Amino acid sequence: MKKIRCTALLAILLAISAHASPGGDISGIVKREDGAPFRAAFVRAQNVKTKMLMMVLTDNQGQYHTDNLLAGTYEVWATSTGYKSDPSRRTDVIVQDGKTSVAGFTMKKGAVQWSQLTKYQTGILLPAAKGKDVVLQECFNCHAMSKLGTMGRDRDGWLEAIEHMRQVGVADIKPDVADQVSEYLGNVFGPDADTPASPALLPQYENVKQEHDYFSDDALNIVYVDYQLTGEPKDRPGSGKQDKNGNIWVEMGGGLSKLDPATGELHTWRLPDPTRPFIHEILPTTDGSVWLTIEKQNALARFDTRTEKFEVYRQPYDGPPPVEMEPNAPWPNLRYTAGDQTSDPRRHTAVADLQGNIWSSGRPLSKFDIETKKFTFFPEIPDIYGIAVDQEGNVWFAEFNSRDHHSIGKVDVKTNKITKWTPPSSDTRPRRLKIDSQGMVWFGDYFGGNLTRFDPKTQTFREFKLPGPMPTPYGIAVDHNDNLWYASMYTDVIGKLSPKTGKVIEYPTPYGERGTRDMFEDAQGRIWYGAQPYGKVGYVRLREDLAKTFAQK
């Protein structure tokens, strides 16, 4: 009787869900060559028209299923490092509202590709030679092997590829760096190199490989959806933020885009600057504005969504420049060396206080008064990264890039009084900073591999150690249950920490290197991220616990 009631309830829930959210599904089984189930393969279903891409994982039985796909034609394929699927891709899977289509795959052994490795794996496996440190320090800030191309290029070929990056404006690479990088890559991956075409042939690969059983069963419950954007080289968003109407805004080269997550429709606007300056982040506000931080120009721009016009605000800053360090390479021998970046004033991430004034992290912390259109600079906070506003409207910040400062702090917006607290470990480097519903201040300790919580009432820190060989929490987000989500830059996992239990779940990601710089939860409980090397934006969500419970009965 209990089973009948559960089955009937499940049918009702599915009927309600289908009525509320029109769409269809794709499901199937992924097997090994011997017929055994293939666990933790990514199955990808892309709408041929909209290019929206849903990615799900196979469970212990090799089963997968998508949910609520828009009706249409889909391309479907399965991937896993070291395997190739048969067929390689199904190009004509038809999805109809309220119906389920079936597509199965067989995974056959294949060669592991260098382009499939994470930054951590690549850094371990790249041969030690002159120039390797430069590659790790200079190139890996933006990408690793997924964008370095194929084997067989000599030094001149790599120089040509780097020059192309400079010409399209992706990166301003100095000639001495280009020479060192091309020399190293030419020696390691050139026509006469001894490096094997597959990194799995190296003895060290056994120490860094990630097997299918690495991730827990709970981790297979994650769903990814991403969106194809403009495809232009400089359009590489680090995250996406939702406005009050449900649109997602993303930073682009010299401008911004608005994405309708229901349809994938994209609209893009550019500043009237032909150089398309680098926009670090965007900030939608409740008055219908979207603010942009123009990094190197140390400027703010306001985009009026009604008039579709930009206003740019600049004010010179001539305060003392801080001494910098290398902020991006987490390898112990590189993390405290002099960085390639300058100490010039710059603008980083923007937040709005309760009066609507715009505060920006960068060099230094600044406040823009929306009434007077004037900036207030805080030279006592010379270089900061993470920034957030608490429930009282005070501004919190995290010091990261500066060699001599690694504290978190608060600005009382009524008095401009600054208070700082230094984490107990001298190796702590707070990067992104967020505040949960209880007023707890959280930051990602990029070098220490922790998520750290600061309690303003007791003025105490608590570290939550993250798993994995080189956890490097960059983008972080707080969800509606006060769980902490993080993106590990070098091991390329997404993780979720439950502060109540201290439990961390690591989730596999469908990208070899996602490059997520920030994360945000939307009104639907989806966590938005940017896949910067691929010029995409997307979200993750977990399947409903209720659906999981019934599925297991």
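Our subject is the structure listed above.
Every residue gets a number counted from 1 within its own chain, in the order that chain's sequence is written. With the structure being a predicted model, the display of local features is reserved for residues of pLDDT at least 70 and the display and counting of side-chain atom pairs for 80 or more, all residues being used for whole-chain, interface and lining totals. Side-chain figures throughout are based on the complete set of non-hydrogen atoms in the structure, without hydrogens or water.

## Structural notes on the side chain of Arg236
- For Arg236, the position within the fold is in the loop between strand 10 (222-228) and strand 11 (241-242).
- Two N or O atoms form a polar contact when they lie within 3.5 Å of each other; inside protein one atom must be a possible hydrogen donor and the other a possible acceptor, and for residues adjacent in sequence the pair counts only when both atoms belong to side chains. At a separation of 3.5 Å, a polar atom in the side chain of Arg236 contacts the main-chain carbonyl oxygen of Val170. Runs of E in the DSSP output that reach at least two residues are strands. Runs of H or I that reach at least four are helices, and both are numbered from the N terminus.

## Regarding the pairing of strand 1 (residues 25-32)
- Here, a strand pair is defined by DSSP locating no fewer than two bridges between the strands. With three bridges connecting them, strand 1 and strand 8 (residues 100-102) associate as parallel partners. Opposite Ser27, over in strand 8, you have Val102 as the bridge partner.
- Sheet topology note: the strand 1/strand 4 (residues 63-65) ladder contains three bridges and is antiparallel. Its bridge partner being in strand 4, Ser27 is matched across the sheet by His65.

## Quick word on the packing of aromatic side chains
- The pairing test for Phe, Tyr and Trp rings, Trp by its six-membered ring, is centres within 6.5 Å, and the orientation test on the planes gives stacked under 30 degrees, edge-to-face over 60, and tilted for anything in between. By the definition in use, this model includes 36 aromatic pairs.
- Centre to centre, the rings of Phe400 and Tyr446 are 5.9 Å apart; their planes meet at 85°, and the pair counts as edge-to-face. Taken together, the residues Phe400 in the loop between strand 24 (395-398) and strand 25 (408-411) and Tyr446 in the loop between strand 28 (441-445) and strand 29 (450-455) connect sequence positions 46 residues apart.
- For Phe400, a relative accessible area of 0% puts it in the buried group.
- Of the aromatic side chains, those joined through ring pairs into one cluster are Trp291, Tyr313, Tyr317, Phe368, Phe375 and Phe377.
- Our definition puts a charge over a ring when NZ of Lys or CZ of Arg is within 6 Å of the ring centre and also within 35 degrees of the ring normal. Residue placement shows Arg153 over the ring face of Trp158; its charged tip is 5.0 Å from the ring centre.
- Lying over the aromatic face of Tyr446, Arg431 brings its terminal NZ or CZ to 4.5 Å of the ring centre. The rule is simple: take the accessible area with a 1.4 Å probe, protein chains only, and divide by the maximum for that residue type; under 20% is buried, over 50% is exposed, in between is partly exposed.

## Brief notes about helix 5 (residues 175-189)
- Expected helix span is given by 1.5 Å per residue-to-residue step, counting one fewer step than there are residues. Between its first and last C-alpha atoms helix 5 spans 20 Å; for 15 residues at 1.5 Å apiece the expected length is 21 Å, and the two agree.
- Taken as a whole, helix 5 has its buried residues at Val177, Ala178, Val181, Ser182, Tyr184, Leu185, Gly186, Val188 and Phe189.
- By definition in these notes, contact holds between two residues if any of their heavy atoms fall within 4.5 Å. For helix 5, the secondary structure elements touched by its buried residues are helix 3 (132-139) and helix 4 (155-167).

## Quick look at the sheet that holds strand 32 (residues 484-488)
- Strand order in this open sheet of four strands is 31-32-33-34, and the pairing throughout is antiparallel. The sheet is open, and its two borders are formed by strand 31 (473-478) and strand 34 (504-507), each paired with just one other strand. Mean inter-strand twist for the sheet, computed between neighbouring axes without regard to direction, equals 20°.
- Relative to strand 32, strand 31 runs antiparallel, the two being bridged by four bridges. Bridging across to strand 32, Ile476 finds its partner in Tyr486. Lines are fitted to the C-alpha atoms to define the axes, a helix being fitted only along its stretch in contact, and any angle between axes, read from their N-to-C directions, falls within 0 to 180 degrees.

## Points about the nonpolar core
- Of all hydrophobic cores here, the largest spans 38 residues; its most connected members are Trp114, Phe140, Val181, Phe189, Trp331 and Tyr490.
- Within the residue set of this core, elements represented by two or more residues are helix 2 (119-125), helix 3, helix 4, helix 5 and helix 6 (205-208).
- Apart from residues lying up to four places away in sequence, Trp331 is in contact with Lys119, Tyr120, Gly123, Ile124, Leu136, Met470 and Tyr490. The term nonpolar core refers to a set of buried residues drawn from Ala, Val, Leu, Ile, Met, Phe, Trp, Tyr and Cys, joined through side-chain atoms within 4.5 Å.

## Some words on the packing of helix 3 against helix 5
- Look at helix 3 against helix 5: their axes get within 9 Å of each other, and the N-to-C directions meet at 120°. Classified by the angle between their axes, helix 3 and helix 5 sit oblique to one another. In terms of crossing hand, the pair formed by helix 3 and helix 5 is left-handed. Residue-level contacts link Lys132, Val134, Val135, Glu138 and Cys139 of helix 3 to Val177, Gln180, Val181 and Tyr184 of helix 5.
- Think of it as three bins: nonpolar holds Ala, Val, Leu, Ile, Met, Phe, Trp, Tyr, Cys and Pro, charged holds Asp, Glu, Lys and Arg, and polar takes everything else, Gly as well. Counted by class, the contact of helix 3 with helix 5 contains six nonpolar, one polar and two charged residues. Orientation categories follow fixed angle ranges, with anything under 35 degrees roughly parallel, anything over 145 roughly antiparallel, 65 to 115 roughly perpendicular, and all other angles oblique. Handedness of a helix crossing follows the sense of rotation of the near helix relative to the far helix, less than a right angle counterclockwise being left-handed and clockwise being right-handed.

## Topic: the side chain of Thr509
- Tracing the sequence through the fold places Thr509 in the loop between strand 34 and strand 35 (520-521).
- In this structure the side chain of Thr509 is engaged in a polar contact, spanning 2.7 Å, whose partner is the side chain of Asp492.
- Among the polar contacts listed, one links the side chain of Thr509 to the side chain of Arg514, at a separation of 3.5 Å.
- Ignoring anything within four residues of it in the chain, the contact list for Thr509 reads Phe42, Tyr224, Asp492, Val493, Ile494 and Arg514.

## Focus on the sheet that holds strand 37 (residues 536-542)
- In spatial order, the strands read 7-5-2-3-10-37-36-35; together these eight strands make up an open sheet with antiparallel pairing. Of all the strands in the sheet, just strand 7 (90-95) and strand 35 have a single pairing partner and so form its edges.
- Pairing between strand 10 and strand 37: seven bridges, direction antiparallel. Counted as the bridge partner of Val225 is Tyr539 from strand 37.

## Some thoughts on the environment of Glu392
- Counting through the fold element by element, Glu392 comes out in the loop between strand 23 (387-389) and strand 24.
- Sequence-wise, Glu392 and Leu300 are 92 residues apart; in three dimensions their C-alpha atoms are separated by 24 Å.

So far we have only geometry, and geometry alone does not tell us how the molecule works.
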